[in-house]
Structures are given as structure tokens and as C-alpha cells.
Amino acid sequence: MASNKPVPEAPSRFGSDFTTEQRTDFGAEFTTEFATDGFGGTDRAWEEWNPTEDSVRPVRGRHRVVKQRNGLARSSTVLGVGVIAAVGAGGMATAQSKPPVSISLPDSLADNLPDAKSLPGVGALFSDESATDQAKSAVATAPLTSAGITTAEAEQGTTDAGEALRARILQQAEQQQNAADAEIKAAEEKAAAEKAAAEAKAKQDVAEAKAAADKKKAEEAAKAKAEAARLAKLAASYAIPTSSYTITSTFGEAGSMWSSGYHTGLDFAAPTGTPIKAVHTATVKSAGWSGSYGYRTVLELEDGTELWFCHQSSIDVSVGQKVTTGDTIGRVGATGNVTGPHLHLEVHTPDGTGIDPMTWLRDKGLTV
């Protein structure tokens with residue numbers, strides 16, 4: 001900023017010969033010289049400075065480069081150079097015996113002088129600078145090697161930005177690796193759990209299948225036992241019609257010996273006179289001679305089934321008589337159309353249809 005104050009008279013040391021014109025010429029000469037020296041002139045070429053760890057490491061103490069203002073670096077060295085130039089331009093006397101001389105600086109030099117508040121160590125002395133501005137100034141004057149260092153890292157003693165960055169990268173890589181390891185472990189645990197669950201299910205299926213098979217086997221055994229008990233009970237109420245016999249002809253056999261063309265009953269060959277027993281409790285429906293059947297006795301059961309006992313040698317019951325299982329109703333003989341003594345047994349359903357006597361006896365629990 002150009003000074004508007006009037007130029008004071010020069011001290012007696014210079015005399016009246018030091019005119020305003022001389023001072024003006026001197027100021028112009030000083031301005032040119034100042035520009036040549038590089039303090040604000042256009043002859044100096046400014047280049048971008050990219051500090052590195054090697055170029056910044058030697059910087060120590062309070063000699064720190066800070067933000068430039070009006071082309072001049074804020075440094076205490078600039079202040080010293082400016083003072084020296086001012087002394088040379090104004091001809092300030094240094095003798096202690098002579099009073100100081102007021103000097104008026106040229107406008108070009110005054111415009112390029114740094115602000116006192118921006119000087120390191122000086123700006124903080126001004127009372128009008130706020131705490132925020134002081135903090136910003138402290139950050140600006142911090143060493144470049146601490147750029148990018150967090151507060152925690154600074155408290156741990158880290159001062160090198162490269163080492164801090166490297167440490168953070170390694171920490172991040174370690175965290176990523178830990179996360180990957182955790183995912184792998186979780187996947188392995190999940191697979192192990194699924195495998196264990198599958199094995200447990202397979203064992204459970206096998207156990208259930210075995211239990212089902214055992215249950216079915218037990219049910220079948222119980223059913224067979226119950227059937228055996230039923231047949232045993234039934235057998236107690238039914239009896240084989242004779243003893244010491246041999247089966248000679250079965251139901252349905254074909255032959256010319258029978259008038260129907262096939263055998264209609266079951267033949268028990270036995271000696272003549274062998275007792276014939278009632279198979280079950282019944283009522284004597286008929287007893288007497290019956291043509292080719294010889295002497296025949298017909299027993300009617302409660303359900304209407306009829307049992308025919310044929311070819312008897314004798315009859316021991318009469319019509320209407322009640323008989324029970326095992327009672328003797330006659331004797332084996334060879335009467336009627338026969339070739340030898342035997343008992344011819346026929347079974348007829350309530351509607352008169354003839355059925356296989358052997359099957360009927362076995363259904364009653366009897367073994368023929």
C-alpha cells in the first residue's frame with residue numbers, strides 16, 4: 001500500500017542536497033534492484049514444488065515453508081531482508097549518537113512486504129487473532145512429513161507419513177484377511193453342521209425304518225399268535241371225524257367211479273368198525289340208508305352247514321338228536337358204492353353247494 005504521508009526532511013547528515021528528486025530516483029533504482037533480486041519482480045520463474053520424504057526430511061525447527069502471500073514466502077528471513085533493504089534505501093544512521101531517521105518506502109516495496117500477523121512466531125502476539133486462526137496457522141506451519149497422520153498415530157510417536165500410510169495399509173490388509181478367514185471358518189462350520197445334520201437324519205431314518213420293521217414284525221407275530229390262539233380255541237371245539245386213517249381220495253378228483261364224473265368229498269380209509277365222531281356241535285338232520293352213499297348220517301351246524309358221513313357200517317344216533325364235538329355217531333364201513341372200508345365226508349354250505357372238506361377242516365384249525 002503506498003504511503004500518503006509527506007516525506008520528512010532528511011537529517012543533517014545528508015544535508016539539503018538530498019532532494020526529493022534524488023530520493024525519487026533512489027526509490028526507482030531500489031525498486032529495480034529489488035525486482036532483480038527476486039523479491040516480487042517478474043524476472044523470477046516460480047516452479048511447483050512437490051516435496052518428498054528425502055527433500056523434506058532435513059527441514060527442522062522453526063524454518064518451515066508456509067503459504068505464500070503476494071509472491072513472497074512467509075518467513076522470518078524475508079522480514080530481515082526487507083529491513084536491510086529499507087536501511088540501505090533510506091540511509092538510516094546506525095550510530096548511537098544520532099537519532100533514528102524516518103524512512104518512507106516505495107509503494108512497490110510496501111505492497112510486497114508480508115503481513116506481520118502471517119509471520120511465524122509473530123502473528124500469535126496480536127490480540128485480535130482468534131483461537132481458530134491460531135489453530136489454522138499451527139496446522140499450516142506443521143511439518144510436511146506429518147501430513148496424513150492421525151491424532152492417534154501422532155500420540156503413538158509416528159512422525160513419518162509414509163510409515164503411517166504403510167501401517168494403515170497393512171492394518172487394512174490384516175482386517176480384510178481376518179474377515180476372509182472368518183467367512184471361511186463360518187462356511188466350514190456351516191458345512192460341518194449341515195453334514196452332521198444329514199448324518200443325524202440318515203441315522204434317524206435308519207432307526208425309524210428299523211423301528212417300523214420291528215413293529216411290523218411284532219404285529220405280524222402278534223397276529224400269528226392270535227390266529228394260533230383262535231385256531232387252538234376253535235380246534236378245541238372241532239375234531240377230526242376218525243382216527244388211524246389214510247387219505248385216499250380228495251375233493252374234485254375226476255373219474256368214472258363217481259356218478260357226477262368227479263369226487264365230491266374226502267375219503268378217510270380206515271378199518272371197518274373204527275369209530276366216527278361228530279366234528280362239531282350239531283343236530284342230527286338225517287340218519288339211514290342213502291343209495292350209493294350206503295348208510296349215511298347228516299349233521300346240521302348252527303350256521304346251516306351240513307356234514308355228510310357216508311358208507312358207515314352202523315349208525316349210533318337218530319334224527320333230531322343233539323350231539324357235541326367228539327361224540328360217536330357211527331362206525332366206518334363199506335356200504336354203498338365203495339371198493340373198500342372208508343369214511344366218505346362231504347361239506348355243504350347252507351345253500352346246498354358242496355365245498356372241499358379238507359379246506360373247511362383246516363379253516364377250523366384242524367390238521368388233516
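Refer to the structure presented above.
Residues numbered from 1 in each chain as written. Predicted model: local features only at pLDDT ≥ 70, side-chain atom pairs only at ≥ 80, totals over all residues. Heavy atoms only, no water.

A. Structural detail: the overall build of the chain. Looking only at helices and strands, the chain has 8 helices and 10 strands in total. Looking at the chain as a whole, 23% of its 368 residues qualify as buried. Long-range pairs, those at least 24 residues apart, make up 59% of the contacts in the chain with a sequence separation of at least 6. (Helix = DSSP H or I, 4+ residues; strand = E, 2+ residues; numbered from the N terminus. Buried < 20%, exposed > 50% of the residue type's maximum accessible area, 1.4 Å probe, protein only. Contact = heavy atoms within 4.5 Å.)

B. Summary view of the pairing of strand β9 (residues 342-348). Counting buried positions along β9 gives 7 out of 7 residues, so the element sits mostly inside the fold. What you see with β9 is no split at all: His342, His344, Glu346 and His348 on one side and Leu343, Leu345 and Val347 on the other are buried throughout. Here strand β2 (residues 266-269) pairs with β9 via 4 bridges, running antiparallel. Among the inter-strand pairings, Ala269 is bridged to a residue of β9, identified as His342. Once β9 ends, the chain turns through 5 residues before running back antiparallel as strand β10 (residues 354-355), passing Gly352 with a positive phi of about 95°. (Pairing = 2+ DSSP bridges.)

C. Expanded view of the pattern of salt bridges. Under the defined criterion, the tally for this structure stands at 4 salt bridges. Between Asp316 and Arg331 there is a salt bridge; the shortest N-O distance is 3.9 Å. Remark: Arg331 occurs in strand β8 (residues 328-332) and Asp316 occurs in the loop between β6 (306-315) and β7 (322-323); sequence separation between them is 15 residues. The partly exposed category is assigned to Asp316, whose relative accessible area is 39%. The partly exposed category is assigned to Arg331, whose relative accessible area is 31%. (Salt bridge = Lys/Arg side-chain N within 4 Å of Asp/Glu carboxyl O.)

D. Here's a closer look at the environment of Val338. Within the element layout of this structure, Val338 appears in the loop between β8 and β9. On a C-alpha basis, the gap between Val338 and His311 in space is 7.7 Å, while along the polypeptide they are 27 residues apart.

E. Summary view of the environment of Ser286. When you line up the elements, Ser286 lands in strand β4 (residues 282-289). Relative accessible area serves as the criterion here: at 22%, Ser286 is assigned to the partly exposed category. Each C-alpha atom of the pair Ser286 and Thr297 lies 5.7 Å from the other, and the pair is 11 residues apart in sequence. Once you skip the residues sitting within four places of it in the chain, Ser286 turns out to touch Arg296, Thr297, Val298 and Val319.

F. Looking closely at the nonpolar core. Core analysis: the largest hydrophobic core is formed by 26 residues, its most contacted members being Leu299, Phe309, Val323, Ile329 and Trp360. Of all elements in the fold, only β2, β4, β6, β8, β9 and α8 (357-363) reach the threshold of two or more residues within this core. Setting aside chain neighbours within four positions, we find Val323 in contact with Ala278, His280, Thr281, Ala282, Val284, Leu299, Val317 and Ile329. (Core = buried A, V, L, I, M, F, W, Y, C linked by side-chain atoms within 4.5 Å.)

G. Region of the structure containing the pairing of strand β5 (residues 295-300). Examined bridge by bridge, β4 and β5 share 6 bridges and lie antiparallel to one another. Considered in β5, the bridge of Trp289 is made with Tyr295. With antiparallel pairing between neighbouring strands as the criterion, β4 and β5 make up a hairpin whose turn holds 5 residues, including Gly291 at a positive phi of roughly 60°.

H. Expanded view of the packing of aromatic side chains. Across all of its chains, the model carries 4 aromatic pairs by this definition. A centroid spacing of 5.8 Å and a plane angle of 75° characterise the contact between Tyr238 and Trp360, whose relative ring orientation is edge-to-face. Taken together, the residues Tyr238 in the loop between α7 (161-237) and β1 (246-249) and Trp360 in helix α8 connect sequence positions 122 residues apart. Residue Trp360 is classed as buried on the basis of its relative accessible area of 10%. Each ring, one from Trp289 and one from Tyr295, has its centre 5.0 Å from the other, and the planes form 80°; the classification is edge-to-face. By relative accessible area, Tyr295 is classed as partly exposed at 35%. Here the basic side chain of Arg296 rests over the ring of Tyr293, its NZ or CZ set 5.8 Å away from the ring centre. Its end group placed over the ring of Trp308, Arg296 keeps NZ or CZ at 4.6 Å from the ring centre. (Phe/Tyr/Trp six-rings, centres within 6.5 Å; stacked < 30°, edge-to-face > 60°. Lys NZ or Arg CZ within 6 Å of the ring centre and 35° of its normal.)

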